[in-house]
Amino acid sequence: MGENGHNKSIVLPPTITVRELAESIEASPIEVIKTLMANGVMANINQQIDFDTAAIVAAEMGYDANLETQEAGSEDEVGEIPLWRKVIADEDPEELTYRPPIVTILGHVDHGKTTLLDAIRDTNVVEDEAGGITQHIGAYQVEHNERQITFLDTPGHAAFTAMRARGAQGADIVVLVVAADDGVMPQTREAIAHAKAAQIPIIVALNKIDKENADPERVNQQLAEIGLVPDEWDGDTIIVPLSAKRQEGLEDLLEAVLLVADNTDIRANPNGRVIGTVIEAEIDRSKGVMATLLIQNGTLNIGNIVVAGTAHGRLRAMFDHLGHQVQDAAPSAPVAVMGLNDVPVAGDLFQVVDSDKHARAITRERKNNLKSDAQREKSAVTLEQLFDQFQAGEVRELRLIIKADVQGSLEPIRSSLVDLDSGDISINVLHSGTGNIGKNDIMLAAASKAIVIGFNVEADSAAQRLAETEGISIRLYNIIYRLIEDIEMALKGMLDPETKESVLGHAEVRAIFRISRIGNVAGCYVLDGELRRNALVRVLRKDEVLFDGEISSLKHIQDDVTEVRTGFECGITLKGFNDFDTGDIIECYIVEEVPI
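Please read these numbers as outputs of a predicted model, since none were measured by experiment.

Criteria and thresholds
Residues numbered from 1 in each chain as written. Predicted model: local features only at pLDDT ≥ 70, side-chain atom pairs only at ≥ 80, totals over all residues. Heavy atoms only, no water. Core = buried A, V, L, I, M, F, W, Y, C linked by side-chain atoms within 4.5 Å. Buried < 20%, exposed > 50% of the residue type's maximum accessible area, 1.4 Å probe, protein only. Helix = DSSP H or I, 4+ residues; strand = E, 2+ residues; numbered from the N terminus. Contact = heavy atoms within 4.5 Å. Polar contact = N/O pair within 3.5 Å; in protein donor to acceptor, adjacent residues only side chain to side chain. Pairing = 2+ DSSP bridges. Axes fitted to C-alpha atoms, helices over the stretch in contact; angles between N-to-C directions. Parallel < 35°, antiparallel > 145°, perpendicular 65-115°, else oblique. Left-handed = near helix turned anticlockwise from the far one by under 90°. Nonpolar A, V, L, I, M, F, W, Y, C, P; charged D, E, K, R; others polar.

Here's the deal with the nonpolar core
A general feature of soluble globular proteins is that nonpolar side chains tend to end up buried together.
Then, in step 1: Within the largest apolar cluster, 28 residues are counted, with the highest numbers of intra-cluster contacts made by L116, I120, I149, F151, V175, I203 and L253.
Then, in step 2: Contributions of two or more residues to this core are made by β6 (102–107), α5 (113–124), β7 (139–144), β8 (147–152), β9 (173–179), β10 (202–207) and α9 (250–262).
Then, in step 3: Tallying contributions element by element places α9 first for this core, with 8 residues.
Then, in step 4: When near neighbours in sequence (up to four residues on either side) are disregarded, I203 contacts I173, V174, V175, L176, I238, V240, L253, A256, V257 and V260.
Then, in step 5: Within the second largest apolar cluster, 22 residues are counted, among which are V509, L531, V537 and I551.

Below, the structure is given as structure tokens:
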């Protein structure tokens with residue numbers, strides 16, 4: 001609590017989740033929630049709180065909080081800054097040193113991602129003199145001009161985004177593979193959207209340059225049209241022609257990676273707090289749990305006690321990507337480790353803790369919260385909630401992913417949205433493309449807290465299931481002006497919630513009783529479902545709706561009741577309707593607000 005008067009200094013962003021705050025001040029989320037409650041704030045583990053509130057909690061835990069200073073455009077505007085980056089930001093600047101850049105490779109299927117990874121490994125990874133076999137651990141390091149580069153050997157933006165969604169974002173640089181004979185394809189656009197959403201610099205590897213039908217100028221033009229202007233056209237995107245198959249141009253690509261790394265603040269404190277990302281994990285029949293960890297700050301040592309997701313343990317052995325046993329691993333190094341008691345999930349953050357007791361306490365709490373996390377409050381911004389969340393300081397922009405049936409529909413939608421982008425809430429179109437809404441669109445939305453807009457398209461069943469799980473809002477339109485109107489009204493805080501109707505049950509009128517001062521009472525038999533006192537009803541006669549309104553009273557025998565179920569009789573009166581007839585059907589229903 002800082003009784004000694006020497007509080008630690010900590011830098012916090014304008015908003016932070018309860019979980020992240022707890023990790024930043026090395027406290028349990030329960031302690032943070034209790035402190036918030038004591039200060040009159042009710043918040044769950046995934047809820048965002050503002051800086052002032054976080055600072056009060058931090059002060060009570062022995063920390064002096066300072067607001068993170070940001071230059072315009074420097075903050076990760078799309079999604080939260082990964083915790084490991086916050087840890088590095090909190091280190092003493094004088095302790096920070098250069099670390100090797102971490103590179104991930106993305107691109108369209110069949111454009112040569114895996115071939116490129118293999119080619120770089122084959123030509124640059126130094127093997128044993130005895131000719132040992134490189135061990136696949138999900139990442140490897142190469143050396144170029146006496147400097148190291150770490151490559152994540154898990155190509156594909158789905159894996160990349162899954163890591164981002166868990167707050168990992170393991171890469172510093174994205175190498176985008178584009179085939180010179182094929183050009184920019186839908187998955188290329190998606191990969192660019194993922195990299196831009198993560199605010200990570202992009203280098204284009206123009207592959208298959210050796211093919212007869214290669215047309216680099218056409219590809220350069222396509223890239224320029226989607227915001228990646230080649231450096232030779234006075235843009236800021238390095239485009240490296242190469243042939244992964246012939247192993248040509250690989251040195252130029254590595255040179256480009258180091259050049260971009262030198263222009264990016266890629267540093268860490270090898271003596272600081274140990275934190276990093278789980279790349280992959282599995283159970284080996286002979287070795288037990290084997291997990292590949294990517295160190296992003298600090299130095300990992302044999303004997304350290306590690307917590308990774310809901311797994312923990314003391315490290316018994318560590319191996320580098322060549323299979324050599326090592327005693328320690330510095331920032332940006334990938335190592336396979338033994339000693340964890342369970343298999344962590346790829347993308348989980350790991351950290352070193354001071355005792356086994358502390359590790360067990362953390363994992364026990366995480367396991368207890370796992371069920372509630374699965375049913376957590378959805379973090380996706382719905383259009384209906386947008387203005388309220390803006391006023392609460394939770395959002396500063398509306399992030400959209402737009403899918404349309406044809407390319408010709410996208411431009412008028414985008415230009416109309418740009419015209420709306422003039423208020424306090426800005427509009428950021430993360431990705432737009434043609435075709436139905438798929439799982440990749442939902443994954444990008446989940447990682448970036450975006451809304452998915454569809455025009456004359458549908459969401460496939462897998463995307464709908466994932467959207468429901470992740471709490472992602474999908475809105476479908478077939479008229480452009482309604483789409484624009486909804487966005488405009490959302491920005492002004494005027495959009496009415498979407499609603500859906502659910503039928504609860506049906507009853508048949510079998511007798512009618514006249515009671516003075518009340519009017520006609522319908523004696524009914526509930527055919528299916530139930531009738532509820534506080535729901536709405538329709539009176540149907542030969543499929544014609546005679547009345548649509550509220551229930552005045554609902555009785556079973558002589559008692560007032562709130563509901564009557566299938567197979568029971570009841571007496572019902574309606575507000576403003578008396579003209580019952582035997583055989584009428586009373587349909588009971590409710591109307592609910594839903595984020596669509």
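Quick word on the environment of R533
Then, in step 1: By the element assignment, R533 lies in the loop between β28 (519–532) and β29 (536–541).
Then, in step 2: Separated by 30 residues in the primary sequence, R533 and E563 have C-alpha atoms spaced 5.9 Å apart.
Then, in step 3: Excluding anything up to four places from it in sequence, R533 contacts I551, S552, S553, L554, V561 and T562.
Then, in step 4: Here the side chain of R533 touches I551 through a polar contact of 2.9 Å, landing on its backbone oxygen.
Then, in step 5: From its side chain, R533 meets the backbone oxygen of S552 in a polar contact 2.9 Å long.

Quick look at the pairing of β8
Then, in step 1: The sheet contact formed by β6 and β8 spans 3 bridges and is parallel. Among the inter-strand pairings, V103 is bridged to a residue of β8, identified as F151.
Then, in step 2: Relative to β8, β7 runs antiparallel, the two being bridged by 6 bridges. Across the sheet, the residue bridging to Q141 is T150, located in β8.
Then, in step 3: Following β7, the chain reverses through 2 residues before pairing antiparallel with β8; N145 in that reversal takes a positive phi of roughly 50°.

A word on the packing of helix α2 (residues 29–38) against helix α3 (residues 51–60)
Then, in step 1: Two elements in contact, α2 and α3, have axes whose closest approach is 10 Å; the angle formed by their N-to-C orientations is 110°. Here α2 lies roughly perpendicular to α3, going by the angle between them. Along this stretch, α2 crosses α3, giving a crossing that reads as right-handed. Here V32, T35 and L36 of α2 lie close against α3, whose contacting residues are T53, V57 and E60.
Then, in step 2: Grouping the amino acids of the contact of α2 with α3 by side-chain chemistry returns 3 nonpolar, 2 polar and 1 charged.

Some thoughts on the environment of V337
Then, in step 1: With respect to the helices and strands, V337 occurs in strand β21 (residues 334–338).
Then, in step 2: When the C-alpha atoms of V337 and A317 are compared, they prove to be 5.7 Å apart, with 20 residues separating the residues in sequence.
Then, in step 3: Excluding its chain neighbours within four sequence positions, the residues that come into contact with V337 are V289, M290, A291, L293, L300, L315, A317 and M318.

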